[in-house]
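Observations on the three-dimensional arrangement
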There are 2 protein chains.
Amino acid sequence: MTSTTVRFEPWGTVVASAAGQTLLDVARLADIPVGAVCGGAGTCGKCQVRILAGPLAAPSPVERDVLGAEALAQGYRLACRYPVNGDLEVEILPVVSHGKGALPPMERAVAFDPATRRRAVTLEPPDLARPVDDGGNLLAATGAKVLDYRVAQLAPEVLRAAKWQVTASLHGDEIIAVQPSTGAPPPLGLAIDLGTTNIAAYLYNLEDGAPLGVFAAANPLASYGADILTRLVYAQQNRENGERLQRVLVRALNLLIEHATATLGYAPDAVEDAVIVGNTGMHHLLLALPARYLVVSPYVAATRAAMEIKAREIGLTFAPGAYLHLPPLVGGFVGSDLLAVALATRLDRKPGVRLVIDIGTNTELLLSVDGKLVSCSTASGPALEGAALRYGMLAGAGAVDRVWLEDHGSFHHMTIRGKPAIGICGSGIISALACMAQAGVINRGGRIQAGQPGVVKLEDGDRGFVLVPEAATALGSDLTISQHDVRAIQLAKGAIRGGIATLLAENGLTVDDLDEFLVAGAFGNHLEVESSIAIGLYPDIPRDRIRLIGNAAGAGAAMALLSLEERQAASELSARIAYLELARIKRFARQFAEAQRFPGANGRP
Amino acid sequence: MTSTTVRFEPWGTVVASAAGQTLLDVARLADIPVGAVCGGAGTCGKCQVRILAGPLAAPSPVERDVLGAEALAQGYRLACRYPVNGDLEVEILPVVSHGKGALPPMERAVAFDPATRRRAVTLEPPDLARPVDDGGNLLAATGAKVLDYRVAQLAPEVLRAAKWQVTASLHGDEIIAVQPSTGAPPPLGLAIDLGTTNIAAYLYNLEDGAPLGVFAAANPLASYGADILTRLVYAQQNRENGERLQRVLVRALNLLIEHATATLGYAPDAVEDAVIVGNTGMHHLLLALPARYLVVSPYVAATRAAMEIKAREIGLTFAPGAYLHLPPLVGGFVGSDLLAVALATRLDRKPGVRLVIDIGTNTELLLSVDGKLVSCSTASGPALEGAALRYGMLAGAGAVDRVWLEDHGSFHHMTIRGKPAIGICGSGIISALACMAQAGVINRGGRIQAGQPGVVKLEDGDRGFVLVPEAATALGSDLTISQHDVRAIQLAKGAIRGGIATLLAENGLTVDDLDEFLVAGAFGNHLEVESSIAIGLYPDIPRDRIRLIGNAAGAGAAMALLSLEERQAASELSARIAYLELARIKRFARQFAEAQRFPGANGRP
């Protein structure tokens, strides 16, 4: 039996494969979700993967049909059709959530008033006595003034197929879509939080504002660098690079949206409006805006202004004339994601000292002192999200997501879906480190203590701690946490906690002045508060002042999607959020260093 | 010595070539204008031709550099580099005029108020204390509200190259271009009359409204059918066909505009606004609007509404964010070209009975009865423009353009630039037919009379008349006018004159009621009035009632380019022009037949 391995990117998971297996078989064995709504029949095209390295097999006739020449040339294949023919490195768009996740809780109610609305009309068919043009017919009946160019191209067939009973979708006074009234899907709206590592998409019915589902995927640009700076440096080397990253990202978004809409029984062209928020880096990469002056002092964005462009202009396949709204950016790397957090929470309207942190590969902070807003961002890296660690993985099946100590200091763990452990996700590593500190496996400086139970020397010479012994894993080896992993988490939490301290200090405050400490972001909301305090990521303040508010950036994006009033408010708010460049603050370096310590460590100092 | 021939499309000219000649050599010998501003050095790329049939040579390194892979794959080569390597069929974009033609005379003055305006600003460079984004910097300094997406992509480099002294171009409150203030070309505006057979482009300086030049080219879609209906039928067969015609047309427009701007020392991206008028068919082909319902009863346009789209949306290479304005269509095949004529003449504001005819492959008629406007169109075919005739050609060097009789009935002729005759253009054939009728070579029914001097039997059995004997031609044969040619002209003039009669009759009028008979169109203005009356194309009315007004469609397009007030007026006017479908009028068939006769023929009836 031949033994070959497949490495799945951006997951970093390596799986052994047997002869005769397809990539879909292998991915399923490893519990890596691959879209395959046809059950592997080769018809749905949802299981596309890209062969990054290894022998590229000639496409099958089915792949030719489904993928087309361009995608084939780029190395795309169907996982369900692709025989594992050697050691492979494969990129898939890991849809980590399929419509079952939690919608971002709205901190407050908004007036429902979306940018698009529909008009169902019955047109009088043209005849020789009144040979009215289709566009004019439609404009007159709907009261619109402008017909989108692509809609003008499509309308004649639609009108006749619909026997002149059509529903037009209007954005302002422009018709952006037209379809038969019978069987028309609801108008869909998309709010997307475009994170450095993860993408969250929230789908709404724009007829009544009802939430329809949440879908998440890994950001495919991770293969161009885990941190945003690496990607920006790559993108600004030449125009082709920038355009390539845009293409990769848009393709992933299209796949995600196709998957999301299909799950609900619709097609992507039912999407009639979208709001995308993200940090300055992801915003620039999505729009292929030049990043050259963003990565060198004085760190200037190509533009921070709100943009409203036709979605098709960047290749997104929504309704033919649909717009994409990009709220303004705040400053530096603080983008429209933090603006969305500010919109969702409206801290500017509340008294007291309040701080929101939105944890991600870039972590953004927003401080409100009696309604005066200041923001900053800090490069916390992807380690907290489980990436860039020895056994790090996204929060999928088999990931260790919780660790605890029992009476005599023995380590216990849980995995997602109870599968044998194959890795550790962000909440798992925080939980593990809190236990390791408490058990004296690491000291206050984060050093793994030789001689402690479970501490071993790893094959690369690094010191490590056996969290899960081989027998309880599906790895064929122990699941260990290395000294390098601990350092990565220290840097991450140091950046965040150092940022918190600096932001407060610049306003003459300390963590004890906080009336409220709000944790935003899908990731932050999965962390155990006590573990996070134990490792020094969160401040040790009265627990009733700490509040988890879910993905507030997603909630803010949804508010801007559902309400033009909120969209307008966001633009006004953006002008009122001051931006603090941490790199310019002398005390930050010291506070960053201090914040790397483990306050709860029980070992030697 | 090998003897090969090259056929140049859409000219239809066949030229013998000797070994060692390039396509540019051959084209020059035949006086076919090929753009070659570098003098054949292979550097300017202006002499591109497309090899339609015959051996396709591998591209030279120069051609690879200048044309790129896509154009090469489509058969494009540089005429100056291409050795004639066998019998060839070659398509060139025949720029028949290079900036020296007459600008369309304006019938009236317009208020200069173009859709775009410029703002020269000096920006404050960003620094760490004020790391303002480039887009925000530009918007604040110019007072604009929206930054075009492509401009946002380009601005960072431009701002720095210009040392922050830049000139922004605004369309409303949107920045559509930005460039260094030093050395900035003037903002150019384009008014294009997109005819079925010919394209006329008028270039203006949008800073002061000064006319800069007129450029004309043959419509490349002629190779997909001389008449508009054939092209529309082809375009509607499937989506690819429609997109192909759009691509061919846009490519030709880009070449023409590149040529026009280069002639004046500028680049195409200096074009900041454009207005294109054309008949309904050309309008639909340019926008790739579905033609399916335009070619069957009740002849419904996809849309007749005015459109304003980004020029880049259809691939036109203007300034990055420039718009293209397409005025509304009138009805049936009467398009924005006739609307432009109505705008140029404002017959609706004048008393009396006035008729404008705009002669082309489609001829449009506009009747004003005390300001009440009615229009119709009639498919006159390309024969009047010299196409589709045995020796027909465009009005280039060597074309017979005037014929006259001397004392004893002997035929004399003149050619353009005095070259030996190689064909006959539209004004030449009208002039020739008038003489043939007067000399009794044809009778009232248009039949060539056997036995008359010069009447011969042609090799295909058709009867013909030797207009220029072989010795005075560069053809190697007599230049003859066949019975088939005469019929083609009869159909053309019958369609026009029949249309005139029907339009008048439907309003209870005859040609004798005309206070003014206006001839519009570059072509009509080259015809001799007396010849045109002699063959029955124009009505025989007092000569002081006949007025040649030049390319009024071009003039109207220019007015809409130079003045937003006029652009608005055009939209209002479009709603007030009634449209008469000649096919629905019973008397038209009879009047079409009657109008085919030659009133001035002196032969037997």
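Just so it is clear, the structure is predicted and the values come from calculations on it, not from any experiment.

Criteria and thresholds
- Residues numbered from 1 in each chain as written.
- Chains lettered and ligands numbered in written order.
- Predicted model: local features only at pLDDT ≥ 70, side-chain atom pairs only at ≥ 80, totals over all residues.
- Heavy atoms only, no water.
- Contact = heavy atoms within 4.5 Å.
- Buried area = accessible area lost by both parts, 1.4 Å probe.
- Salt bridge = Lys/Arg side-chain N within 4 Å of Asp/Glu carboxyl O.
- Polar contact = N/O pair within 3.5 Å; in protein donor to acceptor, adjacent residues only side chain to side chain.
- Helix = DSSP H or I, 4+ residues; strand = E, 2+ residues; numbered from the N terminus.
- Nonpolar A, V, L, I, M, F, W, Y, C, P; charged D, E, K, R; others polar.
- 1 Å grid on protein atoms, 1.4 Å probe; cavity = no way out; pocket = protein on both sides within 12 Å on 5 of 7 lines; lining within 4 Å.
- Points joined across faces, edges and corners; volume = space filled by probe spheres on them.
- Pairing = 2+ DSSP bridges.
- Axes fitted to C-alpha atoms, helices over the stretch in contact; angles between N-to-C directions.
- Phe/Tyr/Trp six-rings, centres within 6.5 Å; stacked < 30°, edge-to-face > 60°.
- Lys NZ or Arg CZ within 6 Å of the ring centre and 35° of its normal.
- Buried < 20%, exposed > 50% of the residue type's maximum accessible area, 1.4 Å probe, protein only.

Here we take up the interface of chain A and chain B. Counting from both sides, the interface comprises 42 residues of chain A and, opposite them, 42 residues of chain B. Buried surface at the junction of chain A and chain B, both sides included, amounts to about 3,500 Å², of which 59% is carbon and sulfur. Summed over the three residues of chain A that lose the most area to chain B, namely A:Leu128, A:Tyr149 and A:Tyr293, the buried surface amounts to 19% of that side. Put simply, chain A and chain B have 8 salt bridges between them. Residue B:Glu157 is joined to A:Arg292 by a salt bridge in which the shortest nitrogen-to-oxygen separation is 3.1 Å. If you look at where chain A meets chain B, you find 22 residue pairs in polar contact (both at pLDDT 80 or more). Breaking the side of chain A that touches chain B down by element, the ones donating at least two residues are α3 (134-142), α4 (149-161) and β15 (307-310) of chain A. Ranked by residue count, the leading element in the side of chain A that touches chain B is α4(A), at 7 residues. Tallied by class, the residues present in the side of chain A that touches chain B amount to 24 nonpolar, 6 polar and 12 charged.

Here we come to the layout of surface pockets. By volume, the largest pocket amounts to about 1,800 Å³. Around the largest pocket, the lining comprises 49 residues; the ones closest to its centre are A:Lys310, A:Tyr323, B:Glu174, B:Lys310 and B:Tyr323.

Attention shifts here to the sheet that holds strand β23 (residues 455-457) of chain A. All names here are of chain A. With antiparallel pairing, 3 strands are arranged side by side in an open sheet as β23-β24-β25. Strands with a single pairing partner mark the edges of an open sheet, and in this sheet they are β23 and β25 (479-482). The mean inter-strand angle of the sheet, taken between neighbouring strand axes irrespective of direction, is 45°. Pairing between β23 and strand β24 (residues 463-468): 3 bridges, direction antiparallel. Across the sheet, residue Lys-457 finds its bridge partner in β24, namely Arg-463. Packed onto the sheet, helix α10 (residues 483-506) meets β24 and β25 and runs at close to 60° relative to β25.

It is worth spelling out the packing of aromatic side chains at this point. Enumeration over the complete set of coordinates arrives at 6 aromatic pairs over all chains. For the ring pair A:Phe411 and A:Phe465, a centre distance of 4.7 Å and an interplane angle of 55° mean the geometry is tilted. Linking A:Phe411 in strand β21 (residues 410-415) with A:Phe465 in strand β24, this pair joins segments that are 54 residues apart in sequence. One Lys or Arg, A:Arg160, reaches over the ring of B:Tyr293 and ends 3.6 Å from the middle of that ring. Over the face of the ring belonging to A:Tyr76 we find A:Arg251, whose NZ or CZ atom lies 3.7 Å from the ring centre.

The subject of this paragraph is helix α12 (residues 552-562) of chain A. All names here are of chain A. In terms of burial, α12 is largely enclosed, as 11 of its 11 residues are buried. The set of residues buried in α12 consists of Ala-552, Ala-553, Gly-554, Ala-555, Gly-556, Ala-557, Ala-558, Met-559, Ala-560, Leu-561 and Leu-562. Measuring from the side-chain oxygen of the N-cap residue of α12 to the backbone nitrogen of Ala-553 gives 3.2 Å; that N-cap residue is Asn-551.

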